[in-house]
Amino acid sequence: MKIIVLILVGFVAFGQQSNDRFKNSQTPGFFTLNTLKNSCFDNPQKKQVSEYIREIYEDKNGVLWFGTNGDGICRYDGLKMQYFTKKEGLAGNQINGITGDKKGNIWLATDEGLSRYDGKKFINYTTKNGLSDNQLWSILSDRKGNIWIGTLAGVNKFDGRKFHKIDLPKLEKPGTPRFNQSVAWSIIEDRKGNIWFGTDGGGLKKFDGKAFYTYTQKDGLGSNNIRSIFEDDKGSVWLGTQGSGVSRFDGKKFTNFSTKNGLSSNDVWTIYEDKQHQLWFGTGGGGASRYDGKNFKTYKETKGVTRNHVQSIWQDKRGNLWLGFSGGLYRVSGDLVENIPAGKLVGC
């Protein structure tokens, strides 16, 4: 297997102290950004992890995975970066979803099929193995060990042996989709075990293991085009829509938020809750919006090097909040967002 490795030149620990789960681990510390030397690259500021970080995920060992728009998947353990592409066995170089299972496998939804990485090699699944389509847009590993995949031609559930096609209920008059209402842009499992699907024009679907329930604009949902779903610590389900901001569902009614309420854009591509229980919304063109329960605060790249599209957000175990921008990887530092090029990740 060919692996591209960027070797660490020097680093020291930064950020929050490791929590109890890391006291006996050998997970490496992370560099201090303001003590780095430009010794790895001629101009490390221009050596981005990737021009577009579509997905960010942290596995149980504290390793960060950055899913890119065309550079495959980047694995970062605090010491080095490893890029895996089709040359190394990955199904496709565009990563549209990342999840991990109980056995420690990393599952990747790509534009050319499903990949499972066991730490040594990739095992790929395509239509030849039972997938409805090779273009994948979302992925979930549920508590029972099933892998749910949103494909261009509908949802599949993989039980470890075979793929099962899941037919989502259709609307007679759907919203205007990018592809079709069979596409699930986002899939989550809530604390009760319900599976939720945010669809491309077909509204919001909930599956309780026996039956489907559909929620649409008629029920108070802001839009039938749902790009992202997230369950907060109180059990409310948040929906990021295409063109209509955010909807919050408390199980009984929807409450909608838009630019009129302070949201930075009405196109919401990803939702995340930080350790302070503040909600973050990655938007199309408006950077990231943070909601503290009362007010929205906008975080943007201000040097004009991105289009301020934010498609991924993740806070790691050390408290660092990462944003995947159109233009590279960024980190929230106080009230600012700072670019973290590849050179800084490996201590250049």
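Residues numbered from 1 in each chain as written. Predicted model: local features only at pLDDT ≥ 70, side-chain atom pairs only at ≥ 80, totals over all residues. Heavy atoms only, no water.

A. Summary view of the overall build of the protein chain. Per the secondary structure count, the protein chain includes 1 helix and 29 strands. Counting the 348 residues in the protein chain, one finds 57% classified as buried. When contacts within the protein chain are restricted to residue pairs at least 6 apart in sequence, those whose partners lie at least 24 apart make up 47%. In the form shown here, the protein chain has an accessible surface area of approximately 15900 Å², with 44% of it arising from carbon and sulfur atoms. (Helix = DSSP H or I, 4+ residues; strand = E, 2+ residues; numbered from the N terminus. Buried < 20%, exposed > 50% of the residue type's maximum accessible area, 1.4 Å probe, protein only. Contact = heavy atoms within 4.5 Å. Areas by Shrake-Rupley, 256 points an atom, 1.4 Å probe, with all protein chains shown as cover.)

B. Region of interest: the sheet that holds strand S20 (residues 246-249). On the basis of which strands lie adjacent, the open sheet formed by 4 strands has the order S18-S19-S20-S21 and antiparallel pairing. Both edges of this open sheet fall to strand S18 (226-231) and strand S21 (254-257), since each of them pairs with a single strand only. Strand-to-strand twist across the sheet, computed as the mean angle between neighbouring axes with direction ignored, equals 20°. Bridging between S20 and S21 involves 4 bridges; their strand directions are antiparallel. (Pairing = 2+ DSSP bridges. Axes fitted to C-alpha atoms, helices over the stretch in contact; angles between N-to-C directions.)

C. Local environment of the packing of aromatic side chains. In the structure shown here, the tally under the stated rule is 34 aromatic pairs. Judged by centre distance (5.7 Å) and plane angle (40°), the ring pair of Tyr 272 and Trp 314 falls under tilted. Residue Tyr 272 is found in strand S22 (residues 268-273), and its partner Trp 314 is found in strand S26 (residues 310-315); the two are separated by 42 residues along the sequence. Residue Tyr 272 shares its accessibility class with Trp 314, and that shared class is buried. Taken together, the ring pairs in this structure connect Trp 238, Phe 257, Phe 281, Tyr 291 and Phe 296 into an aromatic cluster. The ring of Tyr 213 carries the charged tip of Lys 206 above its face, separated from the ring centre by 5.2 Å. Above the ring of Tyr 299, the side-chain terminus of Lys 297 is found at 5.6 Å from the ring centroid. (Phe/Tyr/Trp six-rings, centres within 6.5 Å; stacked < 30°, edge-to-face > 60°. Lys NZ or Arg CZ within 6 Å of the ring centre and 35° of its normal.)

D. Quick peek at the side chain of Asn 339. Counting through the fold element by element, Asn 339 comes out in strand S29 (residues 336-339). On the basis of relative accessibility, which here comes to 17%, the residue Asn 339 falls in the buried class. Side-chain polar atoms of Asn 339 contact the side chain of Gln 48, separated by 2.8 Å. A distance of 2.9 Å separates a polar atom in the side chain of Asn 339 from the backbone oxygen of Leu 329. (Polar contact = N/O pair within 3.5 Å; in protein donor to acceptor, adjacent residues only side chain to side chain.)

E. Structural detail: the sheet that holds strand S17 (residues 212-215). Spatial strand order, S14-S15-S16-S17: 4 strands in an open sheet with antiparallel pairing. Looking at the sheet topology across the chains shown, the edges are occupied by strand S14 (184-189) and S17. Averaged over all neighbouring strand pairs, the angle between strand axes comes to 20°, with direction disregarded. Across 4 bridges, strand S16 (residues 204-207) lies against S17 in antiparallel orientation. Paired with Leu 204 across the two strands is Tyr 215, which belongs to S17.

F. The arrangement of the pairing of strand S6 (residues 95-100) in detail. For S6, the tally of buried residues reaches 6 of 6 residues, placing the bulk of the element in the interior. In this sheet, strand S7 (residues 106-110) lies alongside S6 in antiparallel orientation, the contact comprising 5 bridges. In the strand pairing of S7, Ile 95 is matched with Thr 110. Between the end of S6 and the start of S7, which pair antiparallel, lie 5 residues, with Gly 104 showing a positive phi angle near 95°.

G. Looking closely at the environment of Lys 103. Take Lys 103: it is sitting in the loop between S6 and S7. Residue Lys 103 is classed as exposed on the basis of its relative accessible area, which comes to 75%.

H. Main features of the nonpolar core. The biggest cluster of nonpolar side chains holds 40 residues, and the ones touching the most others in it are Val 49, Trp 65, Phe 66, Met 81, Leu 323 and Leu 345. With 4 residues, strand S27 (residues 321-325) is the largest single contributor of residues to this core. (Core = buried A, V, L, I, M, F, W, Y, C linked by side-chain atoms within 4.5 Å.)

I. Summary view of the confidence of the model for the protein chain. Per-residue pLDDT for the protein chain averages 89, and the proportion of residues at 70 or more is 86%. Note on residues 1-39: pLDDT under 50 across the span, and 86 contacts to partners over four residues away in sequence or across chains. When the criterion is pLDDT under 50, residues 41-45 qualifies, and its contacts beyond four places in sequence or with other chains add up to 11 contacts. (pLDDT = per-residue confidence, 0-100.)

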